[in-house]
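# Summary of the model geometry
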Amino acid sequence: MSPSTKARSKASAGTPIVTELPPLGPTTKLQLPTQAERTLPNGLTVIAIRRPSVPLVEVRLRLPFGKAHPARAAMLASTVLSGTDTMTSVEIAAELQTVGGALSALVDPDRLLLAGNGLTAGLERILEILAEVLTAARYPAEEVATERARLVDYIQVAQSQPQHVARTALLKRVYGRHPYAIQTPEPEQVTAVRPAQLRTLHSERIRPAGATLVLVGDLQPAKAIDTAEEILGGWAIGGETATAKWELPPVPALVPGPLSLIHRPESVQSSIRMALPGVSRTHPDHAALQLANLIFGGYFSSRWVENIREDKGYTYGPNSAIEHLVAGSSLTVAADVATEVTGPAMLETLYELGRIASLPPKDDELEQARQYALGTLRLGVATQAGLAGLATTYAGAGLRLDHLAEHSARLAAVTKDEVAAAAATYLAPARAVTVVLGDAEKIEAPLATLTPIEKAQP
């Protein structure tokens with residue numbers, strides 16, 4: 001935002017008054033919180049970060065889970081907290097509540113995450129319960145059956161939603177035979193999962209070596225690590241760990257080709273999905289690509305949003321974002337538009353991609369995107385939960401919080417020429433993989449005037 005940017009306000013009499021916003025202050029160096037790290041003899045890495053804003057602690061345990069069977073992994077995440085050798089799921093929840101705490105689990109193609117929080121004074125009890133879940137989860141048949149039915153219902157509802165169908169089709173186009181291609185299991189695969197299979201998966205994959213425990217809150221880092229070692233140091237080493245058997249291969253290079261058109265009869269909307277090349281967080285082009293993407297479509301003031309939302313009203317919430325996974329990164333573009341404007345919306349999307357890839361950004365565009373990136377980066381770690389989430393994500397990529405300061409400095413220093421070069425390299429429309437889900441009888445002809453098309457199955 002430039003110093004001359006103007007804002008309007010209304011006086012009490014209703015007369016608009018134009019005032020100038022003050023100039024933004026200089027970008028200050030990002031100060032990192034006090035932290036400590038230790039890898040325990042069993043292979044568990046513990047990172048403790050002091051953030052004493054409130055008397056709470058955030059707990060995140062990240063376990064590598066690449067190549068896990070999608071249905072079994074999803075069911076394990078749904079039932080890992082359903083009971084142990086000494087506690088039922090209700091008793092686990094009640095015990096956590098006594099220290100103002102809670103735990104939950106989720107899984108994706110890279111990792112299983114056990115996350116929770118509670119009063120700092122209750123950290124020891126939270127870790128004791130976590131340790132029991134890690135070493136003595138039971139997967140009771142009744143709980144598994146209940147969660148199995150719930151997950152099947154959830155997947156069936158998702159599969160009826162066009163956004164899910166379009167996303168699934170894009171993943172298949174982008175990743176081919178890579179494990180990332182299938183991120184939601186089929187209902188019949190979930191139905192086939194049995195408790196014994198979950199116990200086996202737990203025994204094989206929930207191991208300390210390669211796992212990372214992140215603790216953030218009103219704590220003394222070294223003391224918190226001592227507590228974690230006392231409680232989790234006995235977590236068994238035996239069994240296979242995160243070996244090459246489960247290591248994900250690099251993602252395949254994007255292969256542009258004809259637009260994949262998926263027929264959804266009588267659909268009133270079309271779902272446009274695109275994937276473009278991305279780079280990892282440590283790549284020299286990452287900061288420049290992040291700013292180029294923001295200028296194109298990565299936030300509300302971007303060119304693409306201004307074009308197809310504000311100016312033409314084709315869609316409500318277009319978005320583009322860099323997605324980072326352990327085995328590779330990509331840049332995704334998504335918009336849902338009315339059927340009758342599918343062709344014009346695609347035309348404007350290709351136009352904006354071509355424009356950002358061929359013309360350098362204006363100075364004020366770049367500075368506005370830069371300030372947005374720096375501001376959201378700081379806001380993202382302003383809370384204990386945000387800091388814990390980022391530290392855990394970084395740990396999964398082999399990074400630590402010092403990368404946050406490094407990336408902030410790169411965002412502040414990247415030049416217009418570097419942003420233009422990154423846009424030309426990664427955002428050229430000819431490099432995109434594109435999927436459109438909609439009523440093919442109505443949208444095929446206008447799309448065919450813009451790009452070659454192939455019919456595809458969802």
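Description of the structure in this document. (Residues numbered from 1 in each chain as written. Predicted model: local features only at pLDDT ≥ 70, side-chain atom pairs only at ≥ 80, totals over all residues. Heavy atoms only, no water.)

### Notes on the environment of N117
The criterion, for reference: Under the scheme used here, helices are H or I runs from DSSP no shorter than 4 residues and strands are E runs no shorter than 2 residues, and both carry numbers assigned from the N terminus. Whether two residues are in contact is decided by their heavy atoms: any pair within 4.5 Å suffices. Contacts described as polar in this section are N or O atom pairs within 3.5 Å, which, within protein, must combine one atom able to donate a hydrogen with one able to accept it, while residues neighboring in sequence count only if both atoms come from side chains.
Assignment of secondary structure puts N117 in strand β7 (residues 111–119). Taking the C-alpha atoms as reference points, N117 and A421, separated by 304 residues in sequence, lie 43 Å from one another. Those residues in contact with N117 that lie beyond four places of it in its chain are V57, E58, G100, G101, A102 and I126. Only 3.3 Å separates the side chain of N117 from the side chain of E58, close enough to count as a polar contact.

### Focus on the sheet that holds strand β6 (residues 102–107)
Within a sheet, neighbouring strands are paired by backbone hydrogen bonds and run either parallel or antiparallel to one another. Cut-off, in case you're wondering: When DSSP finds at least two bridges between two strands, those strands are taken to pair. Every axis in this analysis is a line fitted to C-alpha atoms, fitted for helices over the stretch in contact. Angles between the N-to-C directions lie between 0 and 180 degrees.
With mixed pairing, six strands are arranged side by side in an open sheet as β3-β4-β8-β5-β7-β6. Of all strands in the sheet, those with a lone pairing partner are β3 (35–39) and β6, marking the two edges. For this sheet, the mean inter-axis angle between neighbouring strands, taken without regard to orientation, is 15°. Together, β4 (45–50), β5 (56–64), β7 and β8 (212–217) form the strand contacts of helix α13 (residues 384–396), whose direction differs from that of β5 by roughly 20°.

### A word on the sheet that holds strand β9 (residues 259–263)
Spatial ordering of the open sheet is given by β11-β12-β10-β13-β9-β14, a layout of six strands whose pairing is mixed. Lying at the two open borders of the sheet, with one neighbouring strand each, are β11 (319–325) and β14 (453–456). Direction aside, neighbouring strands of the sheet carry axes that sit 25° apart on average. Contacts from helix α10 (residues 303–311) reach β11 and β12 (328–338), with the element oriented near 15° to β12. This element, helix α16 (residues 440–448), spans β9, β10 (269–277), β13 (433–438) and β14 of the sheet and lies at about 165° to β9.

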